[in-house]
Amino acid sequence: YDPLFNRALQGVYAPGSTFKPCTAMAGLMEKRIDTDTLIDCVGVFDKYADEGYAPQCWIYGKGLHGELNVVEALGHSCNLFFYTTGDLLQISLLAKYAKLFGLGEETGIELYEDIGIMASDEYMQKKEGRDMYAGDTLQAAIGQSDNRFTPIQLCSYVTTLVNQGTRYKATFLNRVVSSDYRSLVFENEPKVMSEMIISDETY
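Residues numbered from 1 in each chain as written. Predicted model: local features only at pLDDT ≥ 70, side-chain atom pairs only at ≥ 80, totals over all residues. Heavy atoms only, no water.

**Considering the overall build of the chain**
- Assigned secondary structure in the chain consists of 7 helices and 6 strands.
- Counted from the first residue to the last, the chain has its helices and strands arranged as α-α-β-β-α-α-α-α-α-β-β-β-β.
- In terms of overall dimensions, the chain has a C-alpha envelope of 70 × 40 × 30 Å along the principal axes.
- Here the chain holds 203 residues, and the buried ones make up 42% of them.
- Here the analysis covers contacts within the chain between residues at least 6 apart in sequence; of these, 71% occur between residues at least 24 apart.
- For the chain, the accessible area works out to roughly 11300 Å², and carbon and sulfur atoms hold 52% of it. (Helix = DSSP H or I, 4+ residues; strand = E, 2+ residues; numbered from the N terminus. Buried < 20%, exposed > 50% of the residue type's maximum accessible area, 1.4 Å probe, protein only. Contact = heavy atoms within 4.5 Å. Areas by Shrake-Rupley, 256 points an atom, 1.4 Å probe, with all protein chains shown as cover.)

Have a look at this one:
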């Protein structure tokens, strides 16, 4: 009921499993996993069970995914695979790659935009005066925890992935022509906002 609220640019939402390719890319780039790494989805991630935290895969209670490599884990959206990968990375590296993908960052669009939130120790310190717990990191790795991004950031993230690591400024503007359409006043040029070198094998 707010007609002037631009959800694409100002609405911030938990990305959920759309964040998992970021976790996968971070794991591959930082060599915490490779394309041959197999992680067994046993339904429950119990590493922190003694601390009272044991998150489940979405399939738990209906079946198990079994052993998966990163490609299969993305295909099945296996929480256990990404809990494990996120735990190997920790929040600092997850946040580093999210930033390179433009998640929780300005896209450069010409209209007002919300920059959203990428879960991190810094954010948690501001919010609650503490670092992230292990459980926070596990949830961040599957797009939960405090992660909140705009739809346009998700578009920027996906195009950065497709562009093999080059993130361009988002824009609505192609060019400006004179009122009589006879001359070009301005033509927009692509602007790189961030870049990471993704190998062909990782891509």
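From this point, the narrative continues.
**So, the confidence of the model for the chain**
- Summing up the model confidence of the chain, the mean pLDDT is 96 and the portion of residues at 70 or higher is 100%.
- Within the chain, strand E5 (residues 184-187) has the poorest average pLDDT of any element, 94, and helix H3 (residues 70-76) the best, 98. (pLDDT = per-residue confidence, 0-100.)

**Looking at the packing of aromatic side chains**
- Scanning the entire structure with this criterion turns up 5 aromatic pairs.
- Measuring from ring centre to ring centre gives 6.3 Å for Phe 45 and Tyr 48, while their planes differ by 35°; the resulting arrangement is tilted. Tyr 48 shares its class with Phe 45; the two are buried.
- Through a chain of ring-to-ring contacts, three or more aromatic side chains come together here, namely Phe 45, Tyr 48 and Tyr 83. (Phe/Tyr/Trp six-rings, centres within 6.5 Å; stacked < 30°, edge-to-face > 60°.)

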